[in-house]
Amino acid sequence: MLPEFRNEPFTNFSLPENQAAFRAALTIVKAQLGRTYPLVINGQRIELDKVSESINPARPKEVIGYFAEGDVKSVDQAVAAAAEAFKTWQYVPAEERARYLLRAAAEIRRRKHEFSAVMVLEVGKSWFEADADTAEAIDFLEYYARQMMRIADSSNQLTSYPPEHLALQYIPLGVGAVIPPWNFPCAIPAGLVAAAIVAGNTVVFKPASQSMLCGYIVAEAFWDAGLPPGVLNFVTGPGEVLGARMVEHPKTRFIGFTGSKEVGIEIFNKASVVQPGQIWLKRTILEMGGKDAVLVDETANLEAAAQGIVSGAFGFQGQKCSAGSRAIIVNDVYDHVAGRIVELAKELSIGPTDETNEMDMGPVVDKDAMRKIMDYIEIGTQEGQLLLGGQRLETPEGGYFIPPTIFGDVPGDARIAQEEIFGPVLTLIRARDFDDALAIANSTEYGLTGSLFSQNGARLEQARREFHVGNLYLNRKSTGALVGVHPFGGFNMSGTDSKTGGPDYLLLYTQAKSIAEKL
Ligand code: NAD
């Protein structure tokens, strides 16, 4: 019998022994930087002459690793291996499949700080953010293992009909393409892969090119857990080439994607085209971007609101789909709250995150991200009033640092109030009153997370009804969803509302077979 699911606790970095353990993990990971990593197809390591680099965004000259640069042929090989492995994996009992996840979770837990250290170096997470990402990866494995055992045979939910003997079984779909982003580089791949394989599917997994080492160590945890060859295949290379082929391949049965709206839409369109030889309609599980709003009314605890806004906007440099990138504040308290937000944001420390647990913010993920964010800052100077930041932070090693940037009095329909910037840029919007604030909040094409700070019960009820987001938070920040606690996924252009870490999620990776035998 399995113990009940419990969220993995976060590490308390105020304790010197935990700091020492984390530093030791950083030393281990740093000693291994610059290695070359293969594709792994059907359990075979495939080295290629052509490789691409993953780099440290705090010190772009530091190479994290060299990764085989696969192509369309590599994808075809991986899909073929996954299709072959599916012939047997689909019949492995759910309990056995779940045990592979539990073993992988145990391995990640044992090497927890190493996983986090890789994220600190490869994508610039702070220690706290990296630790939370690792904890979430463990949570997904533990949670989906239990959920699969619960749903595999749902026959007891049927209405009896003697003399027929009835069964309702959730069986797998087939070969899945797993295409995650770089911003939760361990948790999201771990969750997508775990859900797919515990449901009995086999997988071709391509990590984002900014976080290939994170992707590799997640895959390794599954392989080390004893997963049969071909169940989880790992390919690296340009997303627009490999990802596109994974989506279009006629033997791909479903796509588990998390990433931008633009790529999500492209995948949705491509997956809808039935290829020659394809005998099913592909299922798409697409989690996309956000332009999440935090509302503050005149009854709110204003200090809690300001703190929640700053932490939700600038945690991991604002590179979270759940980041509260719009603060919509009613006129009566706007000046006070805006002033406090700026004061709190000024206190955030920024720099390389590998030296101390006290660095609040690291670099943004790469040069392209930096350019895009700086372009939006330029647009922002036309659309609002720059209250803080706005300039790159130059470092001797050329890291991609952008300090917290805040624009005030931005109209609700401005570009920086409507488009996802995915960086440390916060837009403050002045609303006439609560109704106006709610209308502004609902005025984007997205619908992922949203927060309301208010002490007015009727408004909290109104927000429950009318604030159109997949994850609504009342009197707390917009980030920090926990597996099993806050099932996560958004509406409209934020995706297909496949609630990760929720009780229904695994059904998306299955099809139901209803069986009746007349006895
Ligand atoms: P992205 O869309 O650029 O890339 C995501 C993945 O798609 C990567 O693995 C990439 O290589 C691959 N890809 C790129 N082009 C492709 C193509 N043509 N066909 C198939 N695959 C392709 O996103 P990103 O920059 O890695 O991640 C940031 C985005 O992810 C943000 O928009 C953020 O809001 C979103 N996100 C959403 C959630 C959620 O749960 N809704 C969670 C995390 C991140």
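See the structure shown above.
Residues numbered from 1 in each chain as written. Predicted model: local features only at pLDDT ≥ 70, side-chain atom pairs only at ≥ 80, totals over all residues. Heavy atoms only, no water.

## Considering the sheet that holds strand β13 (residues 326-330)
At step 1: Spatial strand order, β14-β15-β16-β13-β12-β17-β18: seven strands in an open sheet with mixed pairing. Here the strands that pair on one side only, and so sit at the sheet edges, are β14 (385-388) and β18 (471-474). Between one strand axis and the next, the sheet turns through 20° on average, direction left out of account.
At step 2: Pairing of strand β15 (residues 405-408) with strand β16 (residues 425-431), which is carried by three bridges, proceeds in the parallel orientation. Bridged to Thr 405 within β16 is Val 425.
At step 3: Where helix α15 (residues 457-466) meets the sheet, its contacts fall on β17 (449-453) and β18, and the angle it forms with β18 comes to roughly 175°. (Pairing = 2+ DSSP bridges. Helix = DSSP H or I, 4+ residues; strand = E, 2+ residues; numbered from the N terminus. Axes fitted to C-alpha atoms, helices over the stretch in contact; angles between N-to-C directions. Contact = heavy atoms within 4.5 Å.)

## Concerning the packing of aromatic side chains
Two aromatic rings are characterised by how far apart their centres lie and by the angle between their planes.
At step 1: Going through the model one piece at a time under the given rule, you end up with 19 aromatic pairs.
At step 2: Ring centres of Phe 13 and Phe 22 lie 5.3 Å apart, and the angle between their planes is 85°; this geometry places the pair in the edge-to-face category. By the burial criterion, Phe 13 is buried, and Phe 22 matches it.
At step 3: An aromatic cluster is defined as three or more aromatic residues linked by ring pairs; in this entry it consists of Phe 5, Phe 140, Tyr 143, Tyr 144, Phe 254, Tyr 505 and Tyr 509.
At step 4: Here the guanidinium or amino end of Lys 125 rests over the ring plane of Phe 316, the centre of that ring lying 4.5 Å away. (Phe/Tyr/Trp six-rings, centres within 6.5 Å; stacked < 30°, edge-to-face > 60°. Buried < 20%, exposed > 50% of the residue type's maximum accessible area, 1.4 Å probe, protein only. Lys NZ or Arg CZ within 6 Å of the ring centre and 35° of its normal.)

## Observations concerning the packing of helix α4 (residues 112-123) against helix α5 (residues 127-151)
At step 1: One can describe the packing of α4 onto α5 by two numbers: an axis separation of 8 Å at closest approach and a directional angle of 125°. Classified by the angle their axes make, α4 and α5 are oblique. Judged by the twist between their axes, the crossing of α4 over α5 is right-handed. In this structure, α4 uses Lys 112, His 113, Phe 115, Ser 116, Met 119 and Val 120 to contact α5, whose residues at the interface are Trp 127, Ala 130, Asp 131, Asp 133 and Thr 134.
At step 2: Here the contact of α4 with α5 is composed, by residue class, of five nonpolar, three polar and three charged. (Parallel < 35°, antiparallel > 145°, perpendicular 65-115°, else oblique. Left-handed = near helix turned anticlockwise from the far one by under 90°. Nonpolar A, V, L, I, M, F, W, Y, C, P; charged D, E, K, R; others polar.)

## A few points about the side chain of Thr 11
At step 1: Relative to the elements of secondary structure, Thr 11 occurs in the segment before α1 (16-31).
At step 2: For Thr 11, a relative accessible area of 14% corresponds to the buried category.
At step 3: Setting aside chain neighbours within four positions, we find Thr 11 in contact with Asn 18, Lys 112, His 113 and Asp 131.

## Side note on the site of the ligand
At step 1: Close to the ligand lie 27 residues, the nearest being Pro 180, Lys 206, Ser 260, Met 288 and Glu 420.
At step 2: Within the backbone of Pro 180, an N or O atom sits 2.7 Å from an oxygen atom of the ligand.
At step 3: At 2.8 Å from an oxygen atom of the ligand is found a side-chain nitrogen or oxygen belonging to Lys 206.
At step 4: Protein burial of the ligand: of its 860 Å² of free accessible surface, 89% is covered by the chains.
At step 5: Of all the elements in the fold, those that place two or more residues in the shell around the ligand are α8 (239-248), β10 (252-258) and α9 (261-271).
At step 6: Ranked by residues supplied to the shell around the ligand, first place goes to α8 with four residues.
At step 7: Here the shell around the ligand is built from residues that sort into 15 nonpolar, seven polar and five charged.
At step 8: Each of domain 1 (69-288 + 497-518) and domain 2 (293-482) accounts for three or more of the residues forming the shell around the ligand. (Near = heavy atom within 4 Å. Polar contact = N/O pair within 3.5 Å; in protein donor to acceptor, adjacent residues only side chain to side chain. Areas by Shrake-Rupley, 256 points an atom, 1.4 Å probe, with all protein chains shown as cover. Domains from an automatic or database assignment.)

## Thoughts on the side chain of Ser 494
At step 1: By the secondary structure assignment, Ser 494 is in the loop between β18 and β19 (510-518).
At step 2: Since its relative accessible area comes to 0%, Ser 494 is described here as buried.
At step 3: There is a polar contact of 3.0 Å between the side chain of Ser 494 and the backbone nitrogen of Gly 447.
At step 4: Every residue in contact with Ser 494, bar those within four places of it in the chain, is listed here: Leu 286, Glu 287, Met 288, Gly 289, Gly 290, Tyr 446, Gly 447 and Leu 448.

## Structural notes on empty space enclosed by the protein
At step 1: Across all of its chains, the model carries two cavities of 30 Å³ or more by this definition.
At step 2: Roughly 90 Å³ of volume is contained in the largest cavity.
At step 3: Around the largest cavity, the lining comprises 14 residues; the ones closest to its centre are Gly 318, Lys 320, Ala 323, Ser 325 and Phe 422.
At step 4: Considering only residue class, the lining of the largest cavity consists of six nonpolar, four polar and four charged.
At step 5: In this structure, the second largest cavity occupies an estimated 30 Å³ of space.
At step 6: Forming the walls of the second largest cavity are Asn 56, Ala 58, Arg 59, Val 120, Leu 121, Gly 124, Pro 352, Thr 353 and Asp 354.
At step 7: Two domains share the lining of the second largest cavity, each providing at least three of its residues, namely domain 1 (69-288 + 497-518) and domain 2 (293-482). (1 Å grid on protein atoms, 1.4 Å probe; cavity = no way out; pocket = protein on both sides within 12 Å on 5 of 7 lines; lining within 4 Å. Points joined across faces, edges and corners; volume = space filled by probe spheres on them.)

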